[in-house]
Amino acid sequence: MADFSVKENRGYMTLIGYFSLIAQSAPMIGLLGTVAGMIGAFATLRQTGGADPSALAGDISTALLTTAGGLVIALPALFGYFFFKNRLNKLVADCHIAEVGMMDASITTVNAEQMLAKVPEGLHG
């Protein structure tokens, strides 16, 4: 029974793991956009020869938007990962507790006839 639950748990945990993958990769994609925006800002500086804020605003906006986008995706994914992981672990633990209870009840039922068949020590005839 334990082997079965481990195999079943692995399948569900794989699905939940995608939340973790998204939570880890989204900020990296946002960072990539940030770097691209800053490269664009420095290219604009090189072309214009000065620090004109209106010329740099578009590239800096791109850098900030990609960073924010990565975080907006990553944070809910991170919360979702831990929520579903903890919920699955609780369900598996509850199943294991129920399994132990059923096994104990089965053993008690099987051994009940033997317990009834025992003659108390003081009743030898």
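I will try to describe carefully the structure that is included in this document. (Residues numbered from 1 in each chain as written. Predicted model: local features only at pLDDT ≥ 70, side-chain atom pairs only at ≥ 80, totals over all residues. Heavy atoms only, no water.)

Further remarks concern the overall build of the protein chain. Summing up its helical and strand segments, the protein chain has 2 helices and 0 strands in all. Considering the protein chain as a whole, with its 125 residues, one finds that 18% of them fall into the buried category. When contacts within the protein chain are restricted to residue pairs at least 6 apart in sequence, long-range pairs at least 24 apart make up 79% of them. Carbon and sulfur atoms make up 71% of the accessible area of the protein chain, which amounts to about 9,500 Å² in all. (Helix = DSSP H or I, 4+ residues; strand = E, 2+ residues; numbered from the N terminus. Buried < 20%, exposed > 50% of the residue type's maximum accessible area, 1.4 Å probe, protein only. Contact = heavy atoms within 4.5 Å. Areas by Shrake-Rupley, 256 points an atom, 1.4 Å probe, with all protein chains shown as cover.)

Another aspect to go through is a nonpolar patch on the surface. A cluster of nonpolar side chains, namely Y12, L15, Y18 and L21, defines an oily patch on the protein surface of about 460 Å² accessible area. For L15, the location among the structural elements is in helix α1 (residues 2-48). Residue classification places L15 among the exposed residues on the basis of a relative accessible area of 54%. (Patch = residues over 30% accessible without salt bridge, like charges linked within 9 Å, V, L, I, M, F, W, Y side chains within 5 Å. Salt bridge = Lys/Arg side-chain N within 4 Å of Asp/Glu carboxyl O.)

A pair can form between side chains of opposite charge whenever their charged atoms are brought close. Scanning the entire structure with this criterion turns up 1 salt bridge. Residue K90 pairs with D94 through a salt bridge whose shortest N-O separation is 2.9 Å. With K90 and D94 both in helix α2 (residues 53-117), this residue pair falls 4 residues apart, about one helical turn. By relative accessible area, which is 53% here, K90 ends up exposed. Classification of D94 as partly exposed rests on a relative accessible area of 35%.

Summed over all chains, the structure comprises 3 aromatic pairs. With 5.0 Å between their ring centres and 75 degrees between their planes, Y81 and F82 make a pair best called edge-to-face. The exposure class assigned to Y81 is buried, which follows from its relative accessible area of 15%. Through a chain of ring-to-ring contacts, three or more aromatic side chains come together here, namely F19, F83 and F84. (Phe/Tyr/Trp six-rings, centres within 6.5 Å; stacked < 30°, edge-to-face > 60°.)

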